[in-house]
Amino acid sequence: MLRVQNIYKEYENKPLLNGISFQVQQGELVCLLGSSGSGKSTMLRIIAGLEEPEAGKVFWNQEDLSEVPTHKRGFGLMFQDYALFPHRSVSENIAFGLRMADVPQGKIKTLVQAALEDIRMTDFADRAVTELSGGEQQRVALARALVPHPRLLMLDEPLGALDHNLRTELIKELRAQLHESQKPVIYVTHDQEEAFALADRLILLHEGLLVQDGSPEELFRNPATAWVASFLGLGNLVPGKAVSEHQFDTEIGSFNLKSTAPLESGQDGFLLLRPGDVLIGAERINSSNHFTAQVRDCVFLGDYFRVEVQAEESKLLIQSPFPLTPGDEVELAWPAEKLLCLPA
Ligand code: ADP
Ligand code: MG
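Everything quoted here is computed from the prediction, not taken from an experiment.

Criteria and thresholds
Note on numbering: residues in each chain are counted from 1, in written sequence order. The naming scheme follows written order: chains are lettered A onward, ligands numbered 1 onward. In keeping with the model being predicted, local features are shown solely for residues with a pLDDT of at least 70 and side-chain atom pairs are shown and tallied solely at 80 or more, while totals for entire chains, interfaces and linings include all residues. Values shown for side chains rest on all heavy atoms present in the structure; no hydrogens or waters enter the calculation. Any two strands are treated as partners once DSSP identifies two or more bridges connecting them. The helix and strand labels rest on DSSP assignments: H or I over at least four residues marks a helix, E over at least two residues marks a strand, and numbering proceeds from the N terminus. Contact criterion: two residues are considered in contact whenever any of their non-hydrogen atoms come within 4.5 Å of each other. Geometry is summarised by axes, namely lines fitted to C-alpha atoms with helices restricted to the contacting stretch, and by angles between N-to-C directions that run from 0 to 180 degrees. Residue ranges for the domains originate in an automatic or database domain assignment. Joining two parts hides part of their accessible area as seen by a 1.4 Å probe, and the buried area is that hidden amount summed over both. Between Lys or Arg on one side and Asp or Glu on the other, a salt bridge is scored when a side-chain nitrogen of the former is within 4 Å of a carboxyl oxygen of the latter. Here a polar contact means two N or O atoms within 3.5 Å. Within protein one must be a hydrogen donor candidate and the other an acceptor candidate, and residues neighboring in sequence count only if both atoms are side-chain atoms. To sort residues, take the accessible area from a 1.4 Å probe on protein chains only and compare it with the maximum for the residue type: under 20% means buried, over 50% means exposed, and anything in between is partly exposed. Should an angle fall under 35 degrees it is taken as roughly parallel, and over 145 as roughly antiparallel, whereas 65 to 115 is taken as roughly perpendicular and any remaining angle as oblique. Here is the rule for handedness: rotate from the far helix to the near one, and if that takes an anticlockwise turn smaller than a right angle the crossing is left-handed, while a clockwise turn gives right-handed. For this classification, Asp, Glu, Lys and Arg are treated as charged, while Ala, Val, Leu, Ile, Met, Phe, Trp, Tyr, Cys and Pro are nonpolar and the rest, including Gly, are polar.

(A) Here's a closer look at the sheet that holds strand E2 (residues 14–24). Pairing is antiparallel in the open sheet, where four strands are placed in the order E2-E1-E4-E5. Either end of the sheet is taken by a strand with one partner, and the two such strands are E2 and strand E5 (63–64). By the bridge criterion, two bridges tie strand E4 (residues 55–60) to E5 in an arrangement that is antiparallel. Across the sheet, residue Phe59 finds its bridge partner in E5, namely Asp64. Sitting on the sheet, helix H1 (residues 40–48) touches strand E1 (2–11), E2 and E4, and the angle it makes with E1 is about 120 degrees.

(B) Examining the sheet that holds strand E15 (residues 279–280) more closely. Spatially, E15-E19-E16-E17-E18 is the arrangement adopted by the five strands of the open sheet, whose pairing is antiparallel. Edge strands, defined here as strands with exactly one partner in the open sheet, are E15 and strand E18 (314–320). As judged from the seven bridges shared by strand E17 (residues 305–311) and E18, these two strands associate in the antiparallel manner. When the sheet's bridge partners are listed, Arg306 is paired in E18 with Gln319.

(C) Structural context of the domain arrangement of the protein. Looking at the protein, the domain boundaries give domain 1 (2–221) and domain 2 (226–342). A separation of 39 Å is found between the C-alpha centroids of domain 1 and domain 2. Every contact between the two is made by 14 residues of domain 1 and, on the other side, seven residues of domain 2. Together domain 1 and domain 2 conceal approximately 870 Å² of surface at their shared face, both sides included; 72% is due to carbon and sulfur atoms. Counting every contact that joins domain 1 to domain 2 gives zero salt bridges. Our count for the domain 1 to domain 2 interface comes out at three residue pairs in polar contact (both at pLDDT 80 or more). Among the elements of the structure, helix H6 (192–198), strand E9 (201–206), strand E10 (209–214) and helix H7 (216–221) are those that each provide at least two residues to the side of domain 1 that touches domain 2.

(D) The arrangement of the side chain of Asn289 in detail. Note on placement: Asn289 falls in the loop between E15 and strand E16 (290–300). Here Asn289 falls in the buried class, since its relative accessible area comes to 1%. Polar contacts involving the side chain of Asn289 include one to the main-chain amide nitrogen of Asn256, which spans 2.7 Å. Of the polar contacts made by the side chain of Asn289, one reaches the backbone oxygen of Trp334; its length is 3.2 Å. The contact partners of Asn289, leaving out residues within four places of it in the chain, are Ser254, Phe255, Asn256, Leu332, Ala333, Trp334, Pro335, Ala336 and Leu339.

(E) Summary view of the packing of helix H2 (residues 90–100) against helix H4 (residues 134–146). Two elements in contact, H2 and H4, have axes separated by 7 Å at closest approach and are oriented at 30 degrees. Judged on the interaxial angle alone, H4 and H2 are roughly parallel. Every pair of crossing elements has a handedness; the one defined by H2 and H4 is right-handed. Here Val90, Asn93, Ile94 and Phe96 of H2 lie close against H4, whose contacting residues are Val140, Ala143 and Arg144. Classifying every residue of the contact of H2 with H4 gives five nonpolar, one polar and one charged.

So this is what it looks like as structure tokens:
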């Protein structure tokens, strides 16, 4: 399917994409995830042939696409806020890509009709897109991208500017529609929640590098770096040093780990303390990985209390099934099998 090989792209002598390689298989929904400015849109433009990399290649199966122009690549694109033409009707918007590809008038009519039926919007054919709800606009934008039968679909932050509630609703619908289309999809977003809600696989870009490529579950369980853990909001990161394969020292204590540290002895890194894995209260703790902290704040969140505690210079967030009193000292521990240490 799609193979991106060792893409290098720089702007003003600064590398934006510094040797990026990945593949997308048939029917796979891959999210390209990274902070704003990490080069996600540039990556899509390179795949689409709208931009040339300084080095590296894009392949479709075994075919090198370097000399293939954008309109011959057979890739569909959907942009932020759908980029529909506001003064045109639903039909005209869907027909746009077909007109660009010089499809004969009669055939355009048939294809648009079929697309309208697919998205159950036949009655909306002549309506201006400005008169549609957010969900309807999304269906039209997706129909427009899909109607020329692209062999790959790329979406660049399509839900970018929408408010949170509407987004949550549209993501669910979008996931169903994309799976139904059975196309390989590259979906670009800077929002990790959106990525987790949609993707079969996540590709994380940071400082020009592909830092991790895996299923949402793999990334959640085994983040490759402290940056990944922080970007995905996995928990507290306490700086420290690996002492041996299974021991990591920090200012709040020395911790035993079941997992093997991905660090050399003596190397600096971070300990990941997930809020939900904490054991609270001396009577519950029979592990060596314990320390004393002071309660700073306690907020009821329905399923648990979110508690902010301080240990030495480290402020930590934990989840507690019961309320804790600000000012009190508590004994906390993390089981050795739940701990990870990570490179920076
Ligand atoms: P993302 O989509 O992840 O937010 P972009 O791919 O849009 O990131 O671009 C990242 C950075 O690359 C931009 O902030 C800008 O500095 C630089 N950049 C992108 N396109 C150009 C360009 N055509 N000319 C100069 N700099 C560019
Ligand atoms: Mg972008």
